[in-house]
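Geometric and topological summary
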Amino acid sequence: MKFPWSHSTLVEVLKNESKLHHKCDKLCEEISSKKLDISEFVEELGPALTHEDSSIRMKATQLLSEVLKNLPTDLLTEKQLEFLTAFYCDRVKDHHSVIPAILDGVLALAGMKSFPNGSGSKLASALFLNIPCQSQAKDERAKYFRFLSVLAEHNQDELKAMGADFVYGVIGAIDGERDPRNLIFLFEYMPTFLRQYPLLHLGEEMFEIFACYFPIDFHPNQSDPEAITRDLLAGKLEQCLCGAKEFAEYCVPLLLEKLESELIVAKLDSLRLLIKCTQAFDLPSMSKHLDDIWNALKLELMPGGGNKEIFDLALEATTQIVKFTQQDHQVADHFLTTIFMTVMGSIADVASKMFENGIKVALACAKATPESAHFVANKLLPMTLSQLNGETITEQEKLSLIDVLSRTLLVCKGHGILKEMEQQLVGAVQKQFIQILVQESDASELKKIALSCITRIPEAVVDENRFVVYTTIIHVLLSSSDERLNVEDCLHEFAVQYGTEVGNVIVDKLVAKKYEVVTSSTERVFHALAKLIPIECMRAKILKFFLGLVFEECDHESLTILALQTLQLVLETPDGTSVAIELCDQYKFIEQCVTLVHKEGVQHSSDLLFALSNTMKDTMKQLSAEKQKTIVTEQLPSMDLTKANDLYLTSGILGYLDESISVEDHFENLVDNLTKLAMNNEDEHVKLLSQQLLCSLFNRMPDDDHHRNILLKLLKMLRSELKSHNKKVVGILSWIGKGLLARGHPEAGEIVDDIAELLDHPTLGHTAALAFEILSVEFPQLHLPLIKNLFKQKLFMLVMKKLEQSAGKYAENHLKALLYVYKPTPHLVLKMNIKKVGPMLLKCLQLTDDKALEMALEITLRFIKEQDTFFQDHLQTLIPQLLKLSVYKSSMKVRIDALECLLYATKNPPFLLLPFKQDVVLGLQASLDDHKRLVRCAAVAARLQWFVVASGDNSSSTE
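Residues numbered from 1 in each chain as written. Predicted model: local features only at pLDDT ≥ 70, side-chain atom pairs only at ≥ 80, totals over all residues. Heavy atoms only, no water.

1. Considering the overall build of the chain
Within the chain, the secondary structure is distributed over 52 helices and zero strands. In terms of overall dimensions, the chain is more spread out than a globule: its C-alpha atoms have a radius of gyration of 39 Å, far above the 30 Å expected for 959 residues. Overall, the chain is about 115 × 85 × 65 Å in size when its C-alpha atoms are taken along their principal axes. Sequence separation of 24 or more characterises 73% of the internal contacts of the chain that already satisfy a separation of 6 or more. (Helix = DSSP H or I, 4+ residues; strand = E, 2+ residues; numbered from the N terminus. Rg over C-alpha atoms; globule rule 2.2 N^0.38 Å. Contact = heavy atoms within 4.5 Å.)

Structural data, given as C-alpha cells:
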C-alpha cells in the first residue's frame, strides 16, 4: 500500500485532527494485513516527526503510538521492534509536550510478544535519564508506572543484569507520588516487584519510599463516584512495607515509633502492620525487637487506653507474636515469661482493677498455640484456684474467678490438649464446677457459668463427676427451674460423647415418667429429648416415647399435641429426612395416623387433628417421590372427604406432594368435596386446610381441556354463590387465585378482577380486601409446586391496572387491598411505579386501621430513607400526616414508625425542610410525654434532628 499522504500534505493533515482517527484505524488494518510495513510508515512520518513545530511532532508521535497500541501484540518482528525501540529512545529527548505520546508508544512496545532482548534495558535507561516521572502530569505518571510494570514482568533477566541501576530508576520514578489511584496501582504491584528483583544495597532507600506514607493520611473526595478509601490505601501499603525480607530491620522500628502516636488511626495501622510482620518476616530478623514490641503493646494493654478497637487489636497482635515465636522454643518461653512477669501482679489479685485486662492478655497468649496454652494454663489455673479458696473473697470476685477457669479450659479445648494436661489440675478445676452444681441454687449466675463450661468440655469430665452433671440435668428439666440454665445443650453434648451412658441414666428416666399435663417443664423435657433424636443410639427409644403418646391411650390430649409438635421440630432440622424415613419404614407413621383417625367410637378435637395433619405433611415433605407415590396410592382411595376428619388426613398426605406425582384420577372428586367442606364447615381448621388444598391442587393441575373445564365449572358456581353474599366464597376464590397466579395461569387475572370488584360491596368489601392478603403473602405451610418467576410483580400489575381508574374515589377497602399487594412487591417495582404508588401511600396514611397504617409506614419509610423525589415534592402532605400519626393512640408501633419517618426525613436537603421545621419541633412535643418509653426515645431522636436542620450538624444520628 502507498502511504496515504504526501510529504507536502502530511503536516496539514496532522493539523486537521478530525480525519486522524479514521486514518489511524485504516493504517492499523493495512499494517496488520502486511500491505504497509511499520518501518516505511515511520520513515514517511519523518517530516512531521522532525518538524520545527513541537505540536506537529507531538501529533506525529501520537499517531505512531496510537497505531502501535491498536496493532496485535504478536504482529511485529524483533527487527521491527528494535527499529522502533531505537526511535523511541531517541524521541525521549524531545520537547516535554511530546512525552505523553512517547509514553503511549513505549507502553505499547513493552507489551509486544517479540520484544527483543536488550531493548528493555535501553528503553528503561532512556526514560530514567530523560523523563523525570514526578515532573509529569497524573495520567502520564500512570502510563510510566504501567510501562515499568510490564517491562519488569517480561524482561527479568535483562533488567536484573542492570543491577542497582534499574532498582534505583524505579525508586526515582515512584518517589513522592501523591495521586491516590496511582498509589493504589503501585501498592498493588510493588510487592510483586520486590519478590522478583533483589534490592542489593538499596533496601533502605526502597523502604523509605513506602515509609513516608505510613500511616496513611487521606480524605477521599466526596464527589468521586468511585472514591478510594483510606483503609484501602492503608491495606495495600502494608503489603509493600512487608514486601521484602530486608525490610524487617526498618519496619519494626517504624511501627513502634508510630504506635507511640496519640492518633487512633496511627495506633491501629501500626498494630495491623505488626501482625502483618509476623506473617512476612522470619523470627531471627525480628527477635531482637521482641522486648521493644512487648513494651509498646504493654502500654496499650496494661492498663489499656479507652479505645476498645485498639485494645482488641493489641490482644490480636499479642496472640500472633506468641504464635510467631514458637519457631524457636527458647525465644517463645522467654517472650511468654516476659509477658507473665508483667501481668502477674494483676492476675494474682482478683480485686485488682487490672485483673480482667491481665486475664485477657494471658488468654490471648494461650490462644496462639498448644504450647502456649500449656504454658498459660499451668500458671493461670493454680493461681485462680488458690484465690477461690481464699476466705475473704466476695460473690462477684468468685464469679470472675470461675469465669477465668471456664475461659482457660475452653481455650485449651480449642487446641485439643485437655487430655494432655496435668489431670490433677484439670480435676481440681472440675471439682470447683461440680461443687457449684451441687451447692448453688438454680438461679445462681455461678451455676450458669459452671454449666456452660461443663457443656463445652464433656470429654474431660471424669466418671464420678458426670453423674453429678446428669443429676443436675434431670433436676432442672423436671422442676420449674430458671430457664437461663441451658441444660438442653449440656444434655446433647454429653449424649454425643457418652451415648449409652446418657441413654441409661437420663433418657430412660425421662421417657419412663408419667406426664399428666403440659407445663413449661414438660415442654423443656420434650424439646430436650427432641435434640437427641438425631443421635443414632437414642433415636429408637425417644421416637417410641413420642409415638406412644400419639397412638396409644393417652388421657391428656394436650400431651399428644405437644408430642406431635415436637416431632415437627425434629422433621424440620437437617436430620429430618432420616427421621422421616425411619418413621415411615419402621413405625408406619402415616398408616398409624390413618388408623387413629378412623378408629370408631373415638372423637378427636380439631386441634389434635390439625397437629396430626401438619406432622404428616412434614413427614411426607422429607420423603422421596417414590415413597410418596406409594403412600398416595395406598391411602388416598380410602379418604372420604364428606367427613371432616378425613380432610386432615388428606391434607397431611397431599400437602407437600412432589409435582411429579399425578392425582388426576382423584382430581375432580377432591375439588368437589374440598369446595363443599370449605363452604359448609364452620371449623376454622377445616376451612383453612380445604382452601389450601384447593390452592395446591389448582397450582399443580394439568393444563388440558378436562381440568380447565373443571376449573371453569367451579368458578361459575362460586360466582353464582357470590350473589347470596357468601363471605366463604371470597376466601375460596382468593386461595384458588393464589395457586393459579403462582403458576401464571390466564384465569388468575379473571379471579383478581372478580375480587377487586367486590371491594365496593357493602357486605363483602372487607372480606375482599383481606383476600388480597391471601393472594400476596407467603404461607410456610402452603406447598406450591409450580411457581412462575415474577408472579408478585404480575399481581401488582393486575391490581394497579384494575384499580387505577378509580383512584380518585378509593375507599378504605381499596387502600387496604393495595397495601396487602404493595407489601411483598419488590421495592424496585414500587419505585418504578412511584407516580401511581406514591399518591396511594399518602392516602393510606389517612386510614384508621392499625395493621394498614403499619404497612403504609413501613413502605413509606423505605422511600424516605432513599430521599425519593416524589415524597420530597409532597412533604407538605406527608409531614403533617406523620405528625398526626406520631400521637396515634391505639398503636404504639404506628407512633414509633411515624417518628422514624420524621427522623429520616431530615436527610432531605435543608431548603425543603425549613418551611416545616417549627411545626415539627412543636408538634413532637406531645410525643416527648408519651406513656411508652420507646415512643419517647424515638421522639427525642427525631426532634433533635429537626432542631439542627440547616445547622450543618444533622447527619450523625440518622445513619
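2. Regarding the packing of helix α47 (residues 850-865) against helix α50 (residues 892-905)
With their axes 9 Å apart at the nearest point, α47 and α50 run at an angle of 15° to one another. Relative to α50, the element α47 lies roughly parallel. Crossing handedness for the pair α47 and α50: left-handed. In this structure, α47 uses Asp850, Leu853, Glu854, Leu857, Leu861, Ile864 and Lys865 to contact α50, whose residues at the interface are Lys893, Val894, Asp897, Ala898, Glu900, Cys901, Tyr904 and Ala905. Partitioned by chemical class, the residues of the contact of α47 with α50 number nine nonpolar, no polar and six charged. (Axes fitted to C-alpha atoms, helices over the stretch in contact; angles between N-to-C directions. Parallel < 35°, antiparallel > 145°, perpendicular 65-115°, else oblique. Left-handed = near helix turned anticlockwise from the far one by under 90°. Nonpolar A, V, L, I, M, F, W, Y, C, P; charged D, E, K, R; others polar.)

3. Digging into a negative patch on the surface
On the surface, a cluster of negative charge is contributed by Glu204, Glu205, Glu208, Glu246 and Glu249. Among the elements that line the negative patch, the one with the most residues is helix α13 (residues 203-211), at three residues. By secondary structure assignment, the location of Glu249 is in helix α15 (residues 248-259). (Patch = residues over 30% accessible without salt bridge, like charges linked within 9 Å, V, L, I, M, F, W, Y side chains within 5 Å. Areas by Shrake-Rupley, 256 points an atom, 1.4 Å probe, with all protein chains shown as cover. Salt bridge = Lys/Arg side-chain N within 4 Å of Asp/Glu carboxyl O. Lys, Arg positive; Asp, Glu negative; His and termini not counted. Charge placed at Lys NZ, Arg CZ, Asp CG, Glu CD.)

4. As for α50
Owing to its 3.6 residues per turn, the α-helix brings residues three or four apart onto one side. Along its 14 residues, α50 runs 20 Å from first to last C-alpha, staying within 8% of the 20 Å computed at 1.5 Å per residue. With ten of 14 residues buried, α50 lies mostly within the body of the structure. Residues of α50 that are buried in the fold lie against α47, α49 (875-885), α51 (910-923) and α52 (933-947). With a side-chain oxygen lying 3.4 Å from the backbone nitrogen of Lys893, the N-terminal cap of α50 falls on Ser891. (Expected span 1.5 Å × (residues − 1). Buried < 20%, exposed > 50% of the residue type's maximum accessible area, 1.4 Å probe, protein only. Polar contact = N/O pair within 3.5 Å; in protein donor to acceptor, adjacent residues only side chain to side chain.)

5. Structural notes on the environment of Glu208
Take Glu208: it is sitting in helix α13. Take Glu208: its relative accessible area is 43%, and that puts it in the partly exposed class. Expressed as a C-alpha distance, the spacing of Glu208 and Asp175, which sit 33 residues apart in the sequence, is 9.1 Å.

6. As for the side chain of Thr384
Here Thr384 lies in helix α22 (residues 370-388). On the accessibility criterion, Thr384 (1% relative accessible area) is buried. Other than its neighbours up to four places away in sequence, Thr384 contacts Leu401, Val404 and Leu405.

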